[in-house]
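A closer look at the structure
What follows is the residue order along each chain.
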Amino acid sequence: ARSIVDKDELTASNKSEMSVRSVGTPLERHDSRHDASDRWPRQNSLSMKEWDIPYDELKLFEVIGTGRFGTVYRGSWHGAVAVKLLHVNALSDHTAPLDTFKHEVATFRKTRHENLVLFMGACMKPPRLAIVTSLCKGMTLYTHIHLRKDKFTANKSVIVAQQISQGMGYLHARGIVHKDLKTKNIFLENGKVVITDFGLFSVTKLCFGNNARGDSLGIPPGWLCYLAPELHRALRPIASLHLPFSKATDVYAFGTVWYELLCGEYPFKGQPPEAVIWQVGKGVKQSLNNMQASRDIKDILMLCWAYRSSERPDFPHLLSTLEKLPRKRLARSPSHPVHLSRSADS
Ligand code: ADP
Ligand code: MG
């Protein structure tokens, strides 16, 4: 997918006679005092410019929250927006990661789907790096499930899972791997699923680690249970930047979201990261013995959590499986499943 994007951009830029303002270029990197367009004319595509939002045009209001890569503000840019300001590490050389980031940003504009957050643009002039998206109005699935302890009936879980599969299937068809699918990145707006933060994981390379919030291994709480075995096996201290993410690892993460919807908690709940890494890397899965759900529902979980990535279904397949779930049996299964403990798991 990446190479297709590169080619797209290249073709566009070669044809474009427009010179561009502050879009990053190899030259600009070395000397940001000069306007890049002086010395690097016609090299950047018009298409790239469209997504380069001048930082000064953004109005920032209050902080909504802080995540691993940056701080999210409620903002205004031709209407209400969410602005994710990345915590850029000023001391590092950003050359390679910034290029990667720009290519990825160029792919986001290709996303037009009901179940994906609207990508509006980005500020890509270091040290000001920001992602601007539409402002999600509802709450995240994480807030529903883990903070408010809202119960999702099996039927509602299926509807939510179908919408996630639809959005993810679209994303994958566009060649974008999410890399950070989790309930914190899925909003529910009046029953409609909106997925956020797709493809942003690589910006960690530009950012300060937010280790203060994690544990000794620099692992943010609640992250590990989304990682497929092959990612667990690749985990090294500080090396999480080079994990071999793929469409199949997104499917694994979807399995975990499916589990959270059904059980109201994370898999491997309460276990230390070292134990989770060891188990998942060896192919041990969260037991489903205590889970009161139909065979079909558990089968989906087992398929998504398959040890070998090649055995995991893709999203179109998941979607048709979800659509085929017998409604009658769904109706008979308990409206919320067992052992929903009240412990807060941030
Ligand atoms: P995380 O996803 O790990 O919670 P983020 O940095 O992505 O960390 O988000 C920080 C906070 O901003 C979270 O509370 C998140 O729900 C909120 N947020 C992120 N994107 C949006 C958006 N597009 N609209 C509204 N709130 C958002
Ligand atoms: Mg997020």
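This text follows the structure it describes.
Residues numbered from 1 in each chain as written. Chains lettered and ligands numbered in written order. Predicted model: local features only at pLDDT ≥ 70, side-chain atom pairs only at ≥ 80, totals over all residues. Heavy atoms only, no water.

1. Observations regarding helix H12 (residues 315-324)
One turn of the α-helix equals 3.6 residues, which is why residues spaced by three or four share an orientation. Along H12, the positions that sit buried rather than exposed are Phe315, Leu318, Leu319 and Leu322. Projection of H12 onto a plane perpendicular to its axis shows the buried side chains occupying an angular sector of 100°, all on one side. Set apart from the buried face of H12 by more than 90 degrees, the exposed residues are Pro316 and Lys324. Structurally, the start of H12 carries an N-cap: the backbone nitrogen of histidine 317 is 3.0 Å from a side-chain oxygen of aspartate 314. (Buried < 20%, exposed > 50% of the residue type's maximum accessible area, 1.4 Å probe, protein only. Helix = DSSP H or I, 4+ residues; strand = E, 2+ residues; numbered from the N terminus. Arc of directions from axis to C-beta. Polar contact = N/O pair within 3.5 Å; in protein donor to acceptor, adjacent residues only side chain to side chain.)

2. A word on the site of ligand 1
If you check the shell around ligand 1, you find 18 residues, and the closest are Lys84, Cys136, Lys182, Asn185 and Asp197. Within the side chain of lysine 84, a nitrogen or oxygen atom sits 2.7 Å from an oxygen atom of ligand 1. Between serine 134 and ligand 1, the recorded distance is 3.1 Å, taken from a backbone N or O atom to a nitrogen atom. Relative to its unbound accessible surface of 540 Å², ligand 1 loses 84% to contact with the protein. Elements that contribute at least two residues to the shell around ligand 1 include exactly strand S1 (59-66), strand S2 (70-76), strand S3 (80-86) and strand S5 (128-134). Of all the elements, S1 adds the most residues to the shell around ligand 1, at three residues. (Near = heavy atom within 4 Å. Areas by Shrake-Rupley, 256 points an atom, 1.4 Å probe, with all protein chains shown as cover.)

3. Concerning the sheet that holds S2
Taken in spatial order, the five strands make up an open sheet running S1-S2-S3-S5-S4, and their pairing is antiparallel. Every other strand in the sheet has two partners, leaving S1 and strand S4 (119-125) as the edge strands with one partner each. Between one strand axis and the next, the sheet turns through 25° on average, direction left out of account. The sheet contact formed by S4 and S5 spans six bridges and is antiparallel. In the strand pairing of S5, methionine 124 is matched with leucine 129. (Pairing = 2+ DSSP bridges. Axes fitted to C-alpha atoms, helices over the stretch in contact; angles between N-to-C directions.)

4. Examining the coordination of the magnesium ion (ligand 2)
Surrounding the magnesium ion (ligand 2) are the protein donor atoms Asn185 (OD1) and Asp197 (OD), at 1.9 to 2.0 Å. Of the two residues, asparagine 185 is situated in the loop between helix H7 (154-173) and strand S7 (186-189) and aspartate 197 in the loop between strand S8 (192-195) and helix H8 (229-234); the sequence distance between them amounts to 12 residues. Classification of aspartate 197 by relative accessible area gives buried; the value is 19%. (Donors = N, O, S within 2.8 Å, 3.2 Å for Na, K, Ca; no water.)

5. Quick word on the packing of H7 against helix H9 (residues 247-263)
The interhelical angle for the contact between H7 and H9, taken along N-to-C directions, is 165°, at an axis separation of 11 Å. The orientation of H7 with respect to H9, classified from their angle, is roughly antiparallel. Once H7 is placed against H9, the crossing between them reads as right-handed. Where H7 abuts H9, its residues Ser157, Val158, Val160, Ala161, Ile164, Ser165, Met168 and His172 lie against Lys247, Asp250, Phe254, Val257, Trp258, Leu261 and Leu262. Split by residue class, the contact of H7 with H9 holds 10 nonpolar, three polar and two charged. (Parallel < 35°, antiparallel > 145°, perpendicular 65-115°, else oblique. Left-handed = near helix turned anticlockwise from the far one by under 90°. Contact = heavy atoms within 4.5 Å. Nonpolar A, V, L, I, M, F, W, Y, C, P; charged D, E, K, R; others polar.)

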